[in-house]
Amino acid sequence: GDSVTQTEGQVALSEEDFLTIHCNYSASGYPALFWYVQYPGEGPQFLFRASRDKEKGSSRGFEATYNKETTSFHLQKASVQESDSAVYYCALGGASSSFSKLVFGQGTSLSVVP
Amino acid sequence: DMKVTQMPRYLIKRMGENVLLECGQDMSHETMYWYRQDPGLGLQLIYISYDVDSNSEGDIPKGYRVSRKKREHFSLILDSAKTNQTSVYFCASSVNTGQLYFGEGSKLTVL
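Residues numbered from 1 in each chain as written. Chains lettered and ligands numbered in written order. Predicted model: local features only at pLDDT ≥ 70, side-chain atom pairs only at ≥ 80, totals over all residues. Heavy atoms only, no water.

### Some remarks on the interface of chain A and chain B
For an interface, size is often stated in terms of accessible area lost upon the parts coming together. Threshold: Whether two residues are in contact is decided by their heavy atoms, any of which lying within 4.5 Å being enough. Buried area is calculated as the accessible area (1.4 Å probe) missing from two parts once they are joined, with the contributions of both summed. By salt bridge we mean one thing: a side-chain nitrogen of Lys or Arg within 4 Å of a carboxyl oxygen of Asp or Glu. Between N or O atoms, a polar contact is any pair within 3.5 Å; within protein, one atom must be a potential hydrogen donor and the other a potential acceptor, and residues adjacent in sequence are included only when both atoms are from side chains. Numbered from the N terminus, helices here are DSSP runs of H or I no shorter than four residues, and strands are runs of E no shorter than two. The nonpolar class holds Ala, Val, Leu, Ile, Met, Phe, Trp, Tyr, Cys and Pro. Asp, Glu, Lys and Arg form the charged class, and all remaining residues, Gly among them, are polar.
Chain A puts 16 residues into the contact, and the matching count from chain B is 22 residues. Both faces combined, the contact of chain A with chain B buries some 1,500 Å², and carbon together with sulfur accounts for 54% of it. On inspection of chain A and its partner chain B, the count reaches zero salt bridges. Summed over the shared surface of chain A and chain B, the number is five residue pairs in polar contact (both at pLDDT 80 or more). Within the residue set of the side of chain A that touches chain B, elements represented by two or more residues are strand E5 (32–38) and strand E6 (45–50) of chain A. At three residues, E5 of chain A tops the list of elements feeding residues into the side of chain A that touches chain B. Split into classes, the residues belonging to the side of chain A that touches chain B amount to eight nonpolar, five polar and three charged.

Shown next as structure tokens:
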């Protein structure tokens, strides 16, 4: 079945550091890829999506590029702030299943210290 | 107002008691979900509802059932709760574009 793997379970950075959270997927067909963010005490929120190879999704200073060759959708941000501390989820949908049923990675907890 | 509301936000029950978690949405979304979230396991899909009385099992449905009698309302029921059902439960809704709107979660503790 379809799956999403986030390499890092936890990431600790200082403010203004560069962020990369790795996301790789395995899917039959041509899925859309998503990033969600969950702030402490809240539910996950949609961050952005990309639907085709080489498409870049972006929001709130975060970005990721769909790479079909490497089956990746790594999340990046040039300069993180303490307010970016959250759990980040990569997800895919629309491959073997419809967009109604996303497959989520296990999440990466980002902690940013001042 | 694009909001998913969960009640209650916090709940403590004893093993064997019944649990009702309720969820409402004001976006007229056809599809609604119940997930549970545990440390290290991420988001696990319990049930998905495609519309009124059109519910399907997710990845971990055992020990849970759901009810959807109105499009805007989706309930999760635990008959005879178990300690391993202690978790944070999230409801969500969507229009099948992959953009889910989540509630703030219901933290259930089963003693």
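Next comes the rest of the description.
### Describing the pattern of salt bridges
This is how it is decided: Working definition: with a 1.4 Å probe on protein chains only, accessible area under 20% of the residue-type maximum means buried, over 50% means exposed, and in between means partly exposed.
Counted by the stated rule, this structure contains 10 salt bridges over all chains. The partner of Lys54 of chain A in a salt bridge is Asp53 of chain A, with the nearest N and O atoms 3.1 Å apart. Relative accessible area serves as the criterion here: at 66%, Lys54 of chain A is assigned to the exposed category. Arg71 of chain B serves as the salt-bridge partner of Glu30 of chain B, at 3.8 Å between the closest nitrogen and oxygen. Of this pair, Glu30 of chain B sits in the loop between strand E3 (19–25) and strand E4 (31–38) while Arg71 of chain B sits in the loop between strand E7 (65–70) and strand E8 (73–78), placing them 41 residues apart in sequence. The exposure class of Glu30 of chain B is partly exposed, given its relative accessible area of 39%. The class of Arg71 of chain B is partly exposed, set by a relative accessible area of 29%.

### Comments concerning the environment of Cys90 of chain A
All names here are of chain A. Along the chain, Cys90 turns up in strand E10 (residues 86–93). In the structure, Cys90 is positioned 17 residues away from Phe73 in sequence and 8.0 Å away in space, judged by C-alpha atoms. Those residues within four positions of Cys90 in sequence are excluded, and the remaining contacts are Val4, Gln6, Cys23, Phe34, Trp35, Phe73, Val103, Phe104 and Gly105.

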